[in-house]
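Close look at the chain arrangement
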Amino acid sequence: MTRGNFNKCLQSATSWTRSNTVHGLQRQQSLLKQAGRARPIAIIRQQTAAASNIPYDSARRQQSAKGLKRRAVITAVVVAAATLTCATRREVHAEAPPKEPDKGERLIRLSEIHEHGRNAEKFWVFKGDRVYDITDWVPNHPGGEVILRAAGGDIGVYWDIFTIHKKQEVYDVLEQYFIGRLDPQDLVDGKPPSEHVDDPFSTDPERDKALIVRSSRPMNAETPASSLQTYLTPVNTFYVRNHLWVPDLGNGDGYRLTVEMIDGEEKQYSMNDLREKFKQHTITATLQCSGNRRAHMTAGSRQTNGLQWDVGAIGTAEWTGVRLRDVLIDAGLDVMNLDEDVQHAQFAGAEAYGASIPVDKAIDPRGDVLLAFEMNGQPLPRDHGFPLRVLVPGHVAARSVKWVNKITMSGEESTSQWQRRDYKCFGPNEGSNPDWDSARAIQEMPVQSAITNVRQVPQDRLNNSKLAQVYGLEEDAIILEGYAFSGGGREIVRVDISADDGRTWRQAQLIENDEKGAKAWSWKQWRIALPRREAMRYFCVKAVDEAYNTQPESFEAHYNFRGNLASGWHRVPVPKSTD
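The structure presented is a predicted model; accordingly, all values stated were derived computationally and were not measured.

Describing the overall build of the chain
Summing up its helical and strand segments, the chain has 15 helices and 25 strands in all. The buried share among the 579 residues of the chain stands at 56%. Sequence separation of 24 or more characterises 73% of the internal contacts of the chain that already satisfy a separation of 6 or more. When the accessible surface of the chain is summed, it comes to about 25,100 Å², and 45% of that surface belongs to carbon and sulfur atoms.

Focus: the sheet that holds strand β9 (residues 266-270)
Across the sheet, 5 strands lie side by side as β9-β8-β17-β12-β13; this open sheet has mixed pairing. Each edge of the sheet is formed by a strand with only one pairing partner; in this case those strands are β9 and β13 (354-358). Each adjacent strand pair in this sheet contributes to an overall mean axis angle of 20°, direction not counted. For strand β8 (residues 256-260) and β9, the ladder comprises 5 bridges, and the chain directions are antiparallel. Directly across from L257, in β9, lies its bridge partner Y269. Sitting on the sheet, helix α12 (residues 324-331) is in contact with β8, β9, β12 (344-349) and β17 (404-410), with an inclination near 130° to β9.

Some remarks on the sheet that holds strand β21 (residues 506-507)
The 4 strands are arranged β21-β20-β24-β25 in an open sheet whose pairing can be described as antiparallel. Two strands lie at the open edges of the sheet, namely β21 and β25 (570-573), each paired on one side alone. As paired strands, strand β20 (residues 492-498) and strand β24 (residues 538-545) are joined by 6 bridges and run antiparallel to one another. Each bridged residue has a counterpart across the sheet, and for I497 the counterpart in β24 is V541.

Here we look at the environment of E444
Tracing the sequence through the fold places E444 in the loop between α14 (417-422) and β18 (448-457). Overall, the relative accessible area of 40% leaves E444 in the partly exposed class. Note: C-alpha distance between E444 and G489 (45 residues apart in sequence) is 8.9 Å. If we skip the residues at most four places from it in the chain, E444 touches G394, H395, G488 and R490. For E444, the side chain forms a polar contact with the side chain of R490, separated by 3.0 Å.

Quick word on the pattern of salt bridges
Per the counting criterion, the structure on display carries 25 salt bridges. Taking the shortest distance from any N to any O, the salt bridge between E222 and R214 comes out at 2.9 Å. Exposure remark for E222: the relative accessible area of 2% places this residue in the buried category. Taking relative accessible area as the criterion, R214 reaches 35% and is therefore assigned partly exposed. Notably, a salt bridge pairs D496 with R494, separated by 2.8 Å at the nearest N-O pair. Residue classification places D496 among the buried residues on the basis of a relative accessible area of 2%. What makes R494 partly exposed here is its relative accessible area of 31%. Linked through salt bridges whose partners overlap, the residues forming this network are E105, D129 and R181.

Re the packing of aromatic side chains
By the definition in use, this model includes 16 aromatic pairs. Between W137 and Y177, the aromatic rings sit 5.8 Å apart at their centres with planes inclined by 10°, giving stacked as the arrangement. Residue W137 is located in the loop between β3 (130-133) and α8 (156-159), and its partner Y177 is located in the loop between α9 (168-175) and β4 (178-182); the two are separated by 40 residues in the primary sequence. Across the pair, Y177 and W137 agree in class, each one buried. Residues F238 and W319 carry aromatic rings whose centres are separated by 6.0 Å and whose planes lie at 85° to one another, so their mutual orientation is edge-to-face. Linking F238 in the loop between β6 (219-222) and β7 (240-241) with W319 in strand β11 (residues 314-323), this pair joins segments that are 81 residues apart in sequence.

Some words on the environment of H281
Mapped onto the secondary structure, H281 falls in strand β10 (residues 280-288). Once the C-alpha coordinates of H281 and A372 are considered, the two residues, 91 residues apart in sequence, prove to be 9.0 Å apart. Every residue in contact with H281, bar those within four places of it in the chain, is listed here: W319, T320, G321, R323, D326 and L370.

Description of unusual backbone geometry
Excluding glycine, a negative phi dihedral is what most residues carry, and trans is how most peptide bonds are arranged. The peptide bond linking R217 to P218 adopts the cis configuration, its omega dihedral lying at 0°. As for its position among the elements, P218 is in the loop between β5 (212-216) and β6. Each neighbour pair has its own omega, and for F386 with P387 the value is 5°, a cis peptide bond. With respect to the secondary-structure elements, P387 resides in the loop between β15 (378-379) and β16 (389-391). The backbone phi angle of D501 is positive, close to 60°, even though this residue is not glycine. Looking at the secondary structure, you find D501 in the loop between β20 and β21. Even without being glycine, L565 reaches a positive phi, approximately 55°. By the secondary structure assignment, L565 is in the loop between β24 and β25.

Some details on the confidence of the model for the chain
Averaged over every residue, the pLDDT of the chain is 84; residues scoring 70 or more account for 79%. Overall, residues 1-96 carries pLDDT values under 50, and its contacts beyond four positions in sequence, including any with other chains, amount to 184 contacts.

Some points on α12
An α-helical segment advances 3.6 residues per turn. Residues three or four places apart therefore align on the same side. When α12 is considered as a whole, its buried residues turn out to be L324, R325, V327, L328 and A331. Buried residues of α12, viewed axially, fall in a sector of 165°; they line one side. Of the residues one or two after α12, G332 is the one with positive phi, at around 120°.

A short note on the environment of K361
Note that K361 resides in helix α13 (residues 359-363). Put simply, K361 and A345 are 16 residues apart on the chain and 9.0 Å apart in space, counted from C-alpha to C-alpha. Sequence-distant contacts of K361, defined by excluding residues within four places in its chain, comprise G367, V369, V392, P393, H395 and W521. In terms of polar contacts, K361 uses its side chain to reach the backbone carbonyl oxygen of G367, at 3.1 Å.

Structural notes on the pairing of β11
Most of β11 sits inside the fold, with 8 of its 10 residues counted as buried. Of the pairings in the sheet, the one linking β10 to β11 comprises 9 bridges and is antiparallel in character. Residue A285 lies in a different strand from β11, and its bridge partner there is A317. When β11 meets strand β14 (residues 370-375), the two strands line up antiparallel, connected through 5 bridges. Each bridged residue has a counterpart across the sheet, and for W319 the counterpart in β14 is M375.

Scoring rules and cut-offs
- Residues numbered from 1 in each chain as written.
- Predicted model: local features only at pLDDT ≥ 70, side-chain atom pairs only at ≥ 80, totals over all residues.
- Heavy atoms only, no water.
- Helix = DSSP H or I, 4+ residues; strand = E, 2+ residues; numbered from the N terminus.
- Buried < 20%, exposed > 50% of the residue type's maximum accessible area, 1.4 Å probe, protein only.
- Contact = heavy atoms within 4.5 Å.
- Areas by Shrake-Rupley, 256 points an atom, 1.4 Å probe, with all protein chains shown as cover.
- Pairing = 2+ DSSP bridges.
- Axes fitted to C-alpha atoms, helices over the stretch in contact; angles between N-to-C directions.
- Polar contact = N/O pair within 3.5 Å; in protein donor to acceptor, adjacent residues only side chain to side chain.
- Salt bridge = Lys/Arg side-chain N within 4 Å of Asp/Glu carboxyl O.
- Phe/Tyr/Trp six-rings, centres within 6.5 Å; stacked < 30°, edge-to-face > 60°.
- pLDDT = per-residue confidence, 0-100.
- Arc of directions from axis to C-beta.

Listed below in structure tokens is the structure:
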């Protein structure tokens, strides 16, 4: 392979590999030797840093061999993928329909494949009717050992979830490990029978039927309106946002959290270590999906990509755990004299999800970032991260990684697609194929509010309404209730309500609650009673936080094709009179 072709392959592999976890430079050198392209590590780092937009001066820093592994996170995966992708390009397409086995091709029974699962010495998978021994691919797989989920079964099921694999270059890599075809005796209509195809979601927990389901595989469901009217959201109806399956981690006794410093040094903690070694803290915090109210942006502007959430992709709970800052200090991080190369805290979950936050937030003594193991006084439910999750108050919920098992101090953001692509916003004019690197990952949330309940109170029942009495109403009334929230710990100081679609306004009553934490990490609930005669076609709500940030009137000005951070005025129609 010429130097020019090597660099060309390096560039083409970058887009595939940037969103996945990787291995170290020592493995790179080994792979390159196998391909006949061994070069000094310094040259590898310089060329691949340029290909992946990694600052070379940072990649060049001299460290121990273990430290080099972390410093070259993205570098290593680019080289590994480039080598594997470009060394051999077969004409066979992994998506080709089944055909009669060629003479000499090995026929393999499904029972034999099942014997080569994740606990075996050799790892086999099938896709369609083709069988592969991926043992040698596992150490080099850009997604780490997540690929072992498929060992002994159908890899296609997982590639339907991780759709980034559905590219010709990935199929070509898989073909290098082809060892035979499924025996026709085991096929039904040319396909493996369903009982031999793994269901990644088969061990997911049961959910409360009151949740408003937006997708079931993976499970994504909204908090129902009735649960949005209490300050603390009931655990069983707290909204569920899963990107993948829910890992089954038993009772959590064998669970381990690994914390890795910038130099590669690691320290592990059991759940007992965390509970007994560190002071426990409880904070009240609201978690909100970046797509909350996406359906309103679609209705008020244009079509958006993603789950069409209404107002229920949000919830508030009391979270108990230990401070991330305390654990990082114990693991060796000098927070008083922080290494300038430490810029981000990366989090990895047991199911393959990953995200990161700036290190300033991670170590802020008033930032209240927790490693949480309780929710509303109970052990975390499986859907919400049992046995351990990160809780990053004031930030988009996507950074509060569930089932966290690895924390890495790094000079780079997490390379996962959920950090580098999915949770970003672009201009209203930018289409669905933007320059992903040009936008920052969402962290703190903007001002948000919603109306969650509208009820009418006839004049003859005013004596039964304390709120109507507070507002001095002596005629037919309408009572509105809802929530308001702002990110970054900025407190909501005012909620404005209009009964005539924004022509005139009144201020709602803010309900005080006993919130816990260094800042205002939780929502404010509000309520107001209005004379029925003032109501026109729509009620509107907008909130104002302590920095006097407020919500835009419409969605068009902050439209983005992903539908993130939809925060226009919430409008609901005035109900018909009960007369």
